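Take a look at the letters that make up each chain.
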Amino acid sequence: MAQAQGVLSILEKPAALFVLAFAVRLAWLAFIGVNAPATFHPDSPMFLALAAGPDWWQGSADRMPGYTIFLHLTMAPFGPDAYWAPIVVQMAFDAAACIAIARTADIVKPGAGRYAGLLAALNPTQIVLAATMLGDTIFVACLAFGFLSLARLWKGEGSPVAIGFWFGLALFNRAVVWPFIPVLALGIFLLVRGRKGLRDAAIVLGIVAAFAAPMIVRNGVVHGNYALSSQGPIHMALWWYPLVREAEDGTPYPQSFAEMRGRYAALRGPGERNPFDEAAIYRDLARENLWALPPQAFVKAWLSGMAINLASPATLMIPQVMKIQRIGFYETEGETPFSKMRNFIAESSTARYLAWMAGGALIEWPVRLLGVMGLWLLLRNRESRAPAIFAIAWIGFILAVQGPVASAKYRLPIEPIAMALAGVAVASYRRDSFALWRRPDSV
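Residues numbered from 1 in each chain as written. Predicted model: local features only at pLDDT ≥ 70, side-chain atom pairs only at ≥ 80, totals over all residues. Heavy atoms only, no water.

You can see P387 is positioned in helix α20 (residues 385-402). Distance in space between the C-alpha atoms of P387 and Y330 is 36 Å, their sequence separation being 57 residues. (Helix = DSSP H or I, 4+ residues; strand = E, 2+ residues; numbered from the N terminus.)

Taken N-terminus to C-terminus, the directions of helix α19 (residues 351-379) and helix α21 (residues 415-427) make an angle of 75°; their axes are 7 Å apart at the nearest point. Taken together, α19 and α21 sit at an angle that is classed as roughly perpendicular. Taken together, the residues of α21 that come into contact with α19 (itself represented by V367, R368, L370, G371, M373, G374, L375, L377 and L378) are E415, A418, M419, L421, A422, V424, A425 and V426. Looking at the contact of α19 with α21 residue by residue, the class counts come to 13 nonpolar, 2 polar and 2 charged. (Axes fitted to C-alpha atoms, helices over the stretch in contact; angles between N-to-C directions. Parallel < 35°, antiparallel > 145°, perpendicular 65-115°, else oblique. Contact = heavy atoms within 4.5 Å. Nonpolar A, V, L, I, M, F, W, Y, C, P; charged D, E, K, R; others polar.)

Moving on: unusual backbone geometry. For R193, which is not a glycine, the phi torsion comes out positive at approximately 70°. A relative accessible area of 57% means that R193 is categorised as exposed. (Buried < 20%, exposed > 50% of the residue type's maximum accessible area, 1.4 Å probe, protein only.)

So, about the layout of surface pockets. Quantified by volume, the second largest pocket comes out at close to 610 Å³. The class makeup of the residues in the lining of the second largest pocket is 27 nonpolar, 2 polar and no charged. (1 Å grid on protein atoms, 1.4 Å probe; cavity = no way out; pocket = protein on both sides within 12 Å on 5 of 7 lines; lining within 4 Å. Points joined across faces, edges and corners; volume = space filled by probe spheres on them.)

Applying the stated criterion to the full structure yields 13 salt bridges. Two residues, R25 and D94, come together in a salt bridge whose shortest N-O distance is 2.6 Å. Pair noted here: R25 is in helix α2 (residues 14-32) and D94 is in helix α6 (residues 84-108), with a separation of 69 residues, a long-range link. D94 carries the same exposure label as R25, and that label is buried. (Salt bridge = Lys/Arg side-chain N within 4 Å of Asp/Glu carboxyl O.)

Bringing the environment of K323 into the picture now. With respect to the secondary-structure elements, K323 resides in the loop between α17 (319-322) and α18 (337-348). Along the chain, K323 and Y353 lie 30 residues apart, while their C-alpha atoms are 9.6 Å from each other. Discounting residues that sit within four places of it in the chain, K323 has contacts with P37 and F40. Among the polar contacts made by the side chain of K323, one reaches the main-chain carbonyl oxygen of P37 at a distance of 3.2 Å. (Polar contact = N/O pair within 3.5 Å; in protein donor to acceptor, adjacent residues only side chain to side chain.)

The next thing to look at is a nonpolar patch on the surface. Residues L186, F189, L190 and L198 make up a contiguous nonpolar surface patch of about 370 Å² in total accessible area. The leading source of residues in the nonpolar patch is helix α11 (residues 181-192), at 3 residues. (Patch = residues over 30% accessible without salt bridge, like charges linked within 9 Å, V, L, I, M, F, W, Y side chains within 5 Å. Areas by Shrake-Rupley, 256 points an atom, 1.4 Å probe, with all protein chains shown as cover.)

Dropping the structure here:
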């Protein structure tokens, strides 16, 4: 135990934690390889094509430019096939995020940082996605530093400029954070209060708006629509509607997807169209069909998606595991969400795939339980209730906005808070024992 405490003490130093986290990620990359089959997600070619194009610094109508800029800058010195370059750099970003997670946990509960940092350094979700050609890791690293800046403000030491910068940079990578910004500003106002609270909230809103402005103006000038992204309606029509319908009457997802694409093609007609005009067609189709479904179908679909997003092991996101021969989850049929999950496990998946699933669950689920315990410990103490409420708001927002669309990668934005909460749970118990039945120290 003394040796373990000595290692944890060393990991309290940011440099040591960074070295450990980065080394673990590099070891994982060496294990899986750096070629396209080992690091590519189905969306990876699209991002690489944007990064290699003449408008690499602009992104596209439906994709924010942050990751394409990152890919272009990291690959340009080494050539178009240097897939290892952005992967290694984003692994460094993720290792730095572990430091932010540790410091956030220490602010919320002194002494929790050593545990939160170690858990983040060894977190399979972070490790697997850091080795995947997707922008999620960069996005979440920005969020981790945004959470740290917010925790400092809670303690009266932080700056709204830092909060605005990190959340703005996160938005520059993924538009999904955009609806949360008003909630963030309201939380800052309630936290600080008075004129200073109003000023701090306005500063955060202004900085994030400055990050959003180039895309909004670009879309207005080029496409005639002053909006951040055209992706939302397509997501509603091709993901939300088929999954909600499936939850209602068991109609297989591929069938609804094909029907929606067919109806879109008929309405669209021949020739090229503005991407926002295309999004408008999808929006009308999505609204028409979603309104025809009963409320309980939405509840079932959202609860199913939330459960899978929280429980799905990150091992299923490993590109080689994704290529294992099986019937995919969305292609698996079932009259109810529960029967679909049961059929996926019992009939659609091979023994090898199930082994990866079970192994990931055995590693990750105990840490999830620690996170729940850490949240409970913060909630029951008045002095630490504010960060607990923010954690609930953020986790609830991510689960709600992802809705019925289920994948371990959609859980990644929750991981910085989840690791911090798990660190709080461990630190709240006597350091000479991890027995959870012992009486916790005050949070």
